[in-house]
Amino acid sequence: TGSSGLEPYLLFVRMHARLTMRDRPVLVLTLVVPLVFLTAMTRIGVPPIAAGAMALSVGILTNGVFGAGVRIAQDRDMGVLRRFRASPATAAHIVVGVTLGGAAFVVPSFMAATFLALAAFGFGLPAQPTAFVLFLTAAVLCSRSIGVLTAAITGSIQQSQLLAQAIIIGFIVGIQPAAESSLSVTEDGGRWSPAYHAMSGFVSVLADRSRAGSIAPSIALLLGVFACCLTVAILMFRWDTVRVDVTSERQ
């Protein structure tokens, strides 16, 4: 296999898609967590549409930041990336493979979870399925690129997890204004966060108010974050774990 062209990218995408399907924690984050979160929100009185949008947003962002990020961090700590470095593989092949390979499995999984939840609560399928699929795909790509970036720029899996936790907290802060405004997203706070646009976009799509064109600005923002994070992750990619010798530092 040559190191140029699309073939190496497709190889890594297929490989990581198979790895994602075998990863049980990813299955839990993709299917179980959103459904549990949705049930909890509806039990405390949150409107079903707003609860569904929150469950999707939290599930996608958590899955992307932790799922994609942990995969690269684990491979680096286990020396897998070091072996890849000796091959024609580049940082771009790995970053794109992890992002798109996982998304190829995660997007259909979240679609299935959403349709099951809508059926369970007596709702029909989204009236604009094209808008829903486009927005879901953009949100998944955005979240996975952020997860890949956290792993690519940190030196160990512990650092990656700490940074991912901080990002998730920021996401929750961004989701809150959209959640408070429920079906009419008019709040200005939190617009800096991709999570805000994910939450508000899902509310609009699930409430049958938006076609693909009307949520195009939010889709463009999510894809812009995706492109920026992927570019930075490739440029700053770390192949080896940074190990700190605590004993020598104390001396």
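Just so we're clear, the structure is a prediction, and the values are computed from it rather than from any experiment.

The next subject is the overall build of the protein. Within the protein, the regular secondary structure consists of ten helices and zero strands. Counted from the first residue to the last, the protein has its helices and strands arranged as α-α-α-α-α-α-α-α-α-α. Here the protein holds 251 residues, and 50% of them are scored as buried. Across the protein, every contact between residues at least 6 apart in sequence was considered, and the portion connecting residues at least 24 apart equals 78%. For the protein, the computed accessible surface area is about 11,900 Å², with 64% contributed by carbon and sulfur atoms.

Turning our attention to the nonpolar core. The nonpolar side chains of soluble globular proteins are, as a tendency, buried together. In this structure, Ile60, Phe84, Ile94, Leu136, Phe202 and Phe237 are the most contacted members of the largest nonpolar core, which totals 60 residues. Contributing elements (two or more residues each) for this core: helix H2 (24–43), helix H3 (48–77), helix H4 (80–85), helix H5 (91–120), helix H6 (129–153), helix H7 (157–180), helix H8 (194–206) and helix H9 (216–235). Among the elements that take part in this core, H6 stands out by supplying 14 residues, more than any other. Beyond its immediate sequence surroundings of up to four residues, Leu136 is in contact with Ile60, Val107, Phe110, Met111 and Phe202.

Thresholds applied
- Residues numbered from 1 in each chain as written.
- Predicted model: local features only at pLDDT ≥ 70, side-chain atom pairs only at ≥ 80, totals over all residues.
- Heavy atoms only, no water.
- Helix = DSSP H or I, 4+ residues; strand = E, 2+ residues; numbered from the N terminus.
- Buried < 20%, exposed > 50% of the residue type's maximum accessible area, 1.4 Å probe, protein only.
- Contact = heavy atoms within 4.5 Å.
- Areas by Shrake-Rupley, 256 points an atom, 1.4 Å probe, with all protein chains shown as cover.
- Core = buried A, V, L, I, M, F, W, Y, C linked by side-chain atoms within 4.5 Å.

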